[in-house]
Amino acid sequence: MRVLVTGGAGYIGSHALRALLRAGHSPVAYDNLSRGHRAAVPKDVPLIEADIRDTDVLTAALKDNGIDCVMHFAAFAYVGESVELPLLYYNNNSRGTLSVLEAIDRARTPRLVFSSTCATYGNPPQNPIVETTVQRPINPYGMSKLVSEYMISDYAASRSDFSYAALRYFNVAGSSFDGEIGEDHDPETHLIPVILQAALGRREKVTVFGDDYPTPDGTCIRDYIHVEDLVSAHVRVMEALKPSDRRIYNLGIGRGHSVREIIDAARRVTGVDFKVEIGPRRAGDPASLYSDPSRIHEELGWRAQHTDIEETIRSAYQWFSKNPNGYGDAR
Ligand code: UDP
């Protein structure tokens, strides 16, 4: 299939491009390079440098390339930033998705695979989280994605020749096993990269955002899925989409790790006893989130393969140690 990958120069999008190539598909990357990196896009994949909110350019990209499916990754994804700059998130994530849908409508593109998030569940009434768990986000990031899910669902109801999947990611981590691409955010706020920067001496310490949560060790629990598993699920789901399908899947490993457990695992992987301090809670953080990933397994036979947290951290460490400046200045 010919696949337009919005956010193709980003962390997950760039891994998706490679997974699509490996599976014999023809991806086209679409990215405004505001947070993505040109160097993350494989040389043989065309990159359209434009904003998803530019609906005319996006429509032309879909029409000119005969696109069969949009994988829509382009978004901002920092919970803390979304609390400080909510309008930035509604603009880029929700308005951006509206523009993607308008372009899809104009071009009559038949398929969409959308990056949603476990942040749409907010503080869930129970863990593990199933797809029917109530969605009540507690931060603007989660809400900007939930609004997008609603728009997509309403649009899908108006078109019988359209199918979509909303994939609700838990915490995505790790890097491609060939060591070619990885995670490069500026500023970096995600836990595993922050820890690895501390292990590599690139930051003084790791601050644990609260140790008074109602969890066994007091720190937040998350479900860390390897990025290679995540993108392989996208390819599988896209290939399974039949006209007028509406599929919603959690993408996680089905197990939670606390912040302390991640720190301990990173100490074992790196052999470095980096400095850790306990700080206050971060606004917008739920105590515990982990998935029940059984729906995608039951319906498509897919499940995550890389479920050992040390393996996930090791693959990220390989990238960070070889690329201390990320992609450097190659924007
Ligand atoms: N976290 C932390 N210190 C950091 C970064 C993150 O204690 O420097 C915690 C954060 O409070 C959350 C977990 O690690 O409980 C994962 O946070 P991250 O930002 O990686 O992903 P999120 O869950 O917000 O999508």
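Notes on the structure in this doc start here. Quantities reported herein were computed from a predicted structural model and do not represent experimental measurements.

Our focus in this paragraph is helix H1 (residues 11-22). Two residues of an α-helix separated by three or four positions point the same way, owing to the 3.6 residues in each turn. When the terminal C-alpha atoms of H1 are compared, their 17 Å separation across 12 residues agrees well with the 16 Å that a helix rising 1.5 Å per residue should span. Across the 12 residues of H1, 10 count as buried, placing the element largely inside the fold. Tyr-11, Ile-12, Gly-13, Ser-14, His-15, Ala-16, Leu-17, Arg-18, Ala-19 and Leu-20 are the residues of H1 that are buried. Here the buried face of H1 lies against strand E1 (2-6), strand E2 (26-31), strand E4 (69-72), strand E6 (163-169), strand E7 (171-173) and helix H7 (227-240). Where H1 terminates, the next one or two residues include Gly-24, which has phi positive at roughly 85°.

Let us now look at helix H4 (residues 86-107). An ideal rise of 1.5 Å per residue puts 32 Å on 22 residues; H4 measures up with 30 Å between its terminal C-alpha atoms. By the largest-angle criterion, Gly-96 marks the main kink of H4, which is about 25°. Listed as buried for H4 are Tyr-89, Asn-92, Asn-93, Ser-94, Gly-96, Thr-97, Ser-99, Val-100, Leu-101, Ala-103 and Ile-104. Of the surrounding secondary structure, the elements contacted by the buried residues of H4 are helix H2 (55-64), E4, helix H3 (79-84), strand E5 (111-117) and helix H5 (140-157).

Our next topic: the sheet that holds strand E3 (residues 47-49). The sheet built from 7 strands is open, its strands ordered E3-E2-E1-E4-E5-E6-E11 with parallel pairing. Both outer strands of the open sheet, E3 and strand E11 (246-251), are each paired with one neighbouring strand and no more. Strand-to-strand, the axes of this sheet are offset by a mean angle of 20°, without reference to chain direction.

With respect to the helices, strands and loops of the structure, Tyr-141 is situated in helix H5. Note: C-alpha distance between Tyr-141 and Pro-125 (16 residues apart in sequence) is 19 Å. The residues touching Tyr-141, leaving out its near neighbours within four places in the chain, are Phe-76, Ala-77, Tyr-78, Val-79, Ser-82, Tyr-89, Asn-93, Thr-117 and Ala-119.

Conventions we followed
- Residue indices follow the written sequence of each chain, beginning from 1 at its first position.
- Under the rules for a predicted model, residues below a pLDDT of 70 receive no local features and side-chain atom pairs below 80 are neither given nor counted, while totals for whole chains, interfaces and linings still include all residues.
- Excluded from the side-chain calculations are hydrogens and water; all other atoms, namely the structure's heavy atoms, are used.
- Each helix is a run of DSSP H or I of at least 4 residues and each strand a run of E of at least 2, with the numbering of both proceeding from the N terminus.
- The span one expects for a helix is its residue count, reduced by one, times 1.5 Å.
- Any residue under 20% of the maximum accessible area for its type is buried, any over 50% is exposed, and the rest in between are partly exposed; the area is computed with a 1.4 Å probe on protein chains only.
- Note on contacts: a residue pair qualifies if any of its non-hydrogen atoms lie within 4.5 Å across the two residues.
- Fitting axes to the seven residues that end at a residue and to the seven that start at it, the angle between those axes gives the bend at that residue.
- Strands are treated as partners if at least two bridges between them are detected by DSSP.
- The angle between two axes is taken between their N-to-C directions and runs from 0 to 180 degrees, where each axis is a line fitted to C-alpha atoms and a helix contributes only its stretch in contact.

Nothing here speaks to function; it is all geometry.
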